[in-house]
2 protein chains.
Amino acid sequence: MIFSSKIERCELSPMRKYAPFADAAKARGMHIYPLNIGQPDIATPSVFFEAVRNFSAPVLEYAPSGGVAEYLDAVCAYYNRLGHTDLTDANILASNGGSEALWMTMSTILDDGDEILVPEPYYPNYSTFITLAGGKVRPIPTTPEEGYHYADREKIEPLINEHTRAIMFTNPGNPTGNVLTRAEMKMLAGLAHDHGLFLISDEVYREFSYDGEQMASMLEFPEAAENVIVIDSVSKRFSACGARIGAVISRNKEFLSEAMKVCQGRLCCPTLDQVGAAALYNEGPEYFAAVKEEYRRRRDTAYEMLMQIPGVVCRKPEGAFYLMAKLPVDSTDKFQMWLLEEFSASGDTVMITPGEGFYTTPGKGIDEARLAYVIEHDDLVRAMRVLAEGIEAYNNR
Amino acid sequence: MIFSSKIERCELSPMRKYAPFADAAKARGMHIYPLNIGQPDIATPSVFFEAVRNFSAPVLEYAPSGGVAEYLDAVCAYYNRLGHTDLTDANILASNGGSEALWMTMSTILDDGDEILVPEPYYPNYSTFITLAGGKVRPIPTTPEEGYHYADREKIEPLINEHTRAIMFTNPGNPTGNVLTRAEMKMLAGLAHDHGLFLISDEVYREFSYDGEQMASMLEFPEAAENVIVIDSVSKRFSACGARIGAVISRNKEFLSEAMKVCQGRLCCPTLDQVGAAALYNEGPEYFAAVKEEYRRRRDTAYEMLMQIPGVVCRKPEGAFYLMAKLPVDSTDKFQMWLLEEFSASGDTVMITPGEGFYTTPGKGIDEARLAYVIEHDDLVRAMRVLAEGIEAYNNR
């Protein structure tokens, strides 16, 4: 049987290889601190479950392809409160999480051989959706020493060619935790406008920005009104990853009309989850303030403890709930296997995400890793101690 | 801005054009009987809502990419009860409805220029997913006079060429209501096996088969074990379209492994809806018997009343909840517009689905229409009377 050459270029999750070794470690009685997962531990606001429980229609019907009115209204009101007062429900398409928002966008803009510029390291599933649509990632290179900084016109402009269709990034960043400044965002808006490129801004971590820069959106720049496509989701914002409710937001009417073909093709997003997601948007500033404060505290702890490990290279990340760092080991992949198979800190060990999976460029990321701080503060402190002990023991083995 | 040539080859739903005219008719006080929709009116079993209400985890987490164990177990047990006792959870991938099951399958098997054989008329979204993956529909032609019969080896085999990757059909059929005989299914299995083609069998209407032929699955034919991919969903089976929970079922391990890349790319299907869907599979034979009896009664009524209209061509459909027929009008599109704009049967009118949208071949389906019998029996009787009156008045206008 013949398979698509596109699916053959995609890869299964690189994290799968560690699962049997993690299971074996647990079976030996080891406790594993998971610094490798992007699943928030903060409780989903109860309004979600209440709205779902109160749903009383006898038939669970298809939702409209573009989204349930109640959900679109809620997302629209949220963006209006952010200052984008011209946006209406017609600028928003509901999606099955940020994931489908990406898939829809790629399907709408890419042909075989097209390229998308993506700062490296990047969220690995970008590559899956780009590849499935026939395109390929052209990485914007960065270094851990420069804090994975990518937003330089001089760095990006030479990479643009006749195949380039878009620039895509996560802001605040996954895996780096980088947050763009207003000046950098304005530069990107101008660049996209000047070259007629889509600017795909994945803003699912928008609220989680810890150092002064107010939370922002690429929707703020009128010069790029036709270029900007925002990817959004309730997954991280409201700790509701399992709801699978996201959105595509744009002012480009032609894009929205083309993307609507995909929406109609897959009929709709889940009705109940959209009703629940609409309720989530009633959460006020105090909800966000509390969650942000919790993540900020963890970010500070994780970063400070990481920097006490000799040889680590990391610039303090300003947002999301990740740190990306160069670790003083030969290979974070080998190190992770060793942590699971041979190491024990009084019965504890730790999982990280080795860096290679975040890169397209061969050989990059080998001594880097992503750490996610979505476990409770006390556990995080212990996890960082175990990591420090592990690095020392690994290099002295 | 440049869009994908693939999305440009897709079309917005042909039904959209009637919506403003339907709204205008309603605003004039007209009552519209909807014979155009595929949304079942039967109540969703309450076990779905109970399971969702009883969900008590504080964080709505990501589900596993392949599906929640509880849901996979339930689907597997259902297939085991159908007699496919070798199937395990590993043969099943959860999907966002049958729609995503189709999208996943197309993404996994198609490259640009590949072809899929599909009997015409067909469910229009097949074309969307095939086109988005770079492929194209090669129609297997049928006629209303022959009851849209397509399962002839002599008819299909000459259409196979070096670009053909699969044969895809809905059984029981949408829009035709056709149900394949065991002999026809066996022929298709042999054909797919002989030519090394995938056999994509969309069996979302499996339970709705009214005339003797027991409900069946392409999974029954061991000679096509590596070829068969079954598309499934709770949408029609349990009147739970808004749950968006479906599945891909196959014995082809390589296919499942490649499709898992898509599953991991989009992370997962909604957690709560999978929990609800798992509960639906506890419904016993009495549930299916009652629903089937209700649909059978409506099928009989709709068919008998349709055949009383002079000039209609329709062979009695054996399954699903649709009839496809040739109507004695010049154009079902023009007729539909006239029904909305000019006709009134004591304040009532009716909507049908004009046939052209179910065909790829230009000029086909112009005087055909699909009728869905998912409204209550009394309403159906009135709707069929309004339709008959409408046809007479249209031709005498």
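Just so we're clear, the structure is a prediction, and the values are computed from it rather than from any experiment.

## Thoughts on the overall build of chain A
Counting secondary structure elements, chain A contains 13 helices and twelve strands. With respect to the principal axes defined by its C-alpha atoms, chain A has extents near 60 × 55 × 55 Å. Expressed as a percentage of the 397 residues in chain A, the buried residues total 64%. Look at the contacts in chain A between residues 6 or more apart in sequence, and 76% of them connect residues 24 or more apart. Carbon and sulfur atoms make up 51% of the accessible area of chain A, which amounts to about 13700 Å² in all. Side chains of chain A carry 37 positive and 56 negative charges; the gap between the two charge centres is 2 Å.

## A word on the sheet that holds strand S4 (residues 136-140) of chain B
Residue and element names in this part refer to chain B. If you walk across this open sheet you meet the seven strands as S2-S8-S7-S6-S5-S3-S4, and the pairing is mixed. In this open sheet, the two edge strands, each paired with only one partner strand, are strand S2 (92-95) and S4. Geometrically, the sheet is characterised by an average inter-axis angle of 25° between neighbouring strands, direction not taken into account. Here four bridges tie S2 to strand S8 (residues 246-250), and the two strands are oriented antiparallel to one another. Each residue of the ladder has a partner; that of isoleucine 92, found in S8, is isoleucine 249.

## A look at empty space enclosed by the protein
Residue and element names in this part refer to chain A. The tally for this structure, following the rule as stated, stands at six cavities of 30 Å³ or more. For the largest cavity, the calculated volume is near 110 Å³. Lining the largest cavity are 18 residues; nearest its centre among them are Pro119, Pro121, Tyr150, Thr170 and Thr176. For the lining of the largest cavity, the secondary structure elements donating two or more residues are strand S3 (115-119) and strand S5 (164-170).

## Overview of the interface of chain A and chain B
Of the residues lining the interface, 80 residues belong to chain A; the matching set on chain B comes to 80 residues. Taken over both partners, the interface formed by chain A and chain B buries close to 6300 Å², and the fraction arising from carbon and sulfur atoms is 59%. Looking at the side of chain A facing chain B, the largest losses of area belong to A:Met1, A:Phe3 and A:Trp103, adding up to 12% of the total buried there. Only helix H1 (5-9), helix H3 (46-53), helix H5 (97-109), helix H6 (125-132), helix H9 (253-265) and helix H10 (271-280) of chain A provide two or more residues apiece to the side of chain A that touches chain B. Among the elements that make up the side of chain A that touches chain B, the one with the highest residue count is H9(A) (nine residues). A per-class count over the side of chain A that touches chain B returns 38 nonpolar, 23 polar and 19 charged.

## Overview of the environment of B:Ile92
Residues and elements named next belong to chain B. Along the polypeptide, isoleucine 92 turns up in strand S2. Isoleucine 92 sits in the buried class, given a relative accessible area of 3%. Residues contacting isoleucine 92, with those up to four places away along its chain left out, are Gly66, Leu72, Val75, Cys76, Ala247, Val248 and Ile249.

## Structural notes on H9(A)
All names here are of chain A. With 13 residues, H9 ought to run about 18 Å at 1.5 Å a step, and its terminal C-alpha atoms sit 19 Å apart, in line with that. Taking burial as the measure, the 13 residues of H9 include ten buried ones, the bulk of the element. Taken residue by residue, H9 has Phe255, Leu256, Glu258, Ala259, Met260, Lys261, Val262, Cys263, Gln264 and Gly265 as its buried positions. Among the residues of H9, the N-terminal cap falls to asparagine 252, whose side-chain oxygen and the backbone nitrogen of glutamate 254 are separated by 3.1 Å. Just downstream of H9 lies leucine 267, where phi reads positive at about 70°.

## A few points about the sheet that holds strand S11 (residues 353-354) of chain B
All names here are of chain B. Strand order in the open sheet formed by three strands is S9-S12-S11, with antiparallel pairing between adjacent strands. Lying at the two open borders of the sheet, with one neighbouring strand each, are strand S9 (322-326) and S11. The pairing of S9 with strand S12 (residues 368-372) spans five bridges and is classified as antiparallel. Bridge pairing in S12 places leucine 323 opposite leucine 371.

## Here we look at the pattern of salt bridges
For the structure on display, the rule yields 48 salt bridges over all chains. Between B:Glu100 and B:Arg266 there is a salt bridge whose closest N-O contact spans 2.9 Å. Linking B:Glu100 in helix H5 (residues 97-109) with B:Arg266 in the loop between helix H9 (253-265) and helix H10 (271-280), this pair joins segments that are 166 residues apart in sequence. With a relative accessible area of 6%, B:Glu100 lands in the buried category. For B:Arg266, a relative accessible area of 3% translates into the label buried. Across the pair B:Arg138 and B:Glu115 runs a salt bridge, and its minimum N-O distance is 3.7 Å. Here the residue B:Arg138 occupies a position in strand S4, and B:Glu115 occupies one in strand S3 (residues 115-119), the gap between them amounting to 23 residues. You can call B:Arg138 partly exposed: its relative accessible area is 31%. Connected via shared salt-bridge partners are A:Glu203, A:Arg206, A:Glu207, A:Asp232 and A:Arg237.

## A closer look at the pairing of strand S6 (residues 198-202) of chain A
Residue and element names in this part refer to chain A. Along S6, five of the five residues are buried, which leaves the element largely enclosed by surrounding structure. By the alternation rule, side chains of S6 split into Phe198, Ile200 and Asp202 and Leu199 and Ser201, which are all buried. For S5 and S6, the ladder comprises five bridges, and the chain directions are parallel. Bridging across to S6, phenylalanine 169 finds its partner in serine 201. Viewed along the sheet, the connection from S5 through helix H8 (residues 182-195) into S6 turns out right-handed.

Cut-off values and rules
Residues numbered from 1 in each chain as written. Chains lettered and ligands numbered in written order. Predicted model: local features only at pLDDT ≥ 70, side-chain atom pairs only at ≥ 80, totals over all residues. Heavy atoms only, no water. Helix = DSSP H or I, 4+ residues; strand = E, 2+ residues; numbered from the N terminus. Buried < 20%, exposed > 50% of the residue type's maximum accessible area, 1.4 Å probe, protein only. Contact = heavy atoms within 4.5 Å. Areas by Shrake-Rupley, 256 points an atom, 1.4 Å probe, with all protein chains shown as cover. Lys, Arg positive; Asp, Glu negative; His and termini not counted. Charge placed at Lys NZ, Arg CZ, Asp CG, Glu CD. Pairing = 2+ DSSP bridges. Axes fitted to C-alpha atoms, helices over the stretch in contact; angles between N-to-C directions. 1 Å grid on protein atoms, 1.4 Å probe; cavity = no way out; pocket = protein on both sides within 12 Å on 5 of 7 lines; lining within 4 Å. Points joined across faces, edges and corners; volume = space filled by probe spheres on them. Buried area = accessible area lost by both parts, 1.4 Å probe. Nonpolar A, V, L, I, M, F, W, Y, C, P; charged D, E, K, R; others polar. Expected span 1.5 Å × (residues − 1). Polar contact = N/O pair within 3.5 Å; in protein donor to acceptor, adjacent residues only side chain to side chain. Salt bridge = Lys/Arg side-chain N within 4 Å of Asp/Glu carboxyl O. Right-handed = clockwise from strand over helix to strand, strands pointing away.

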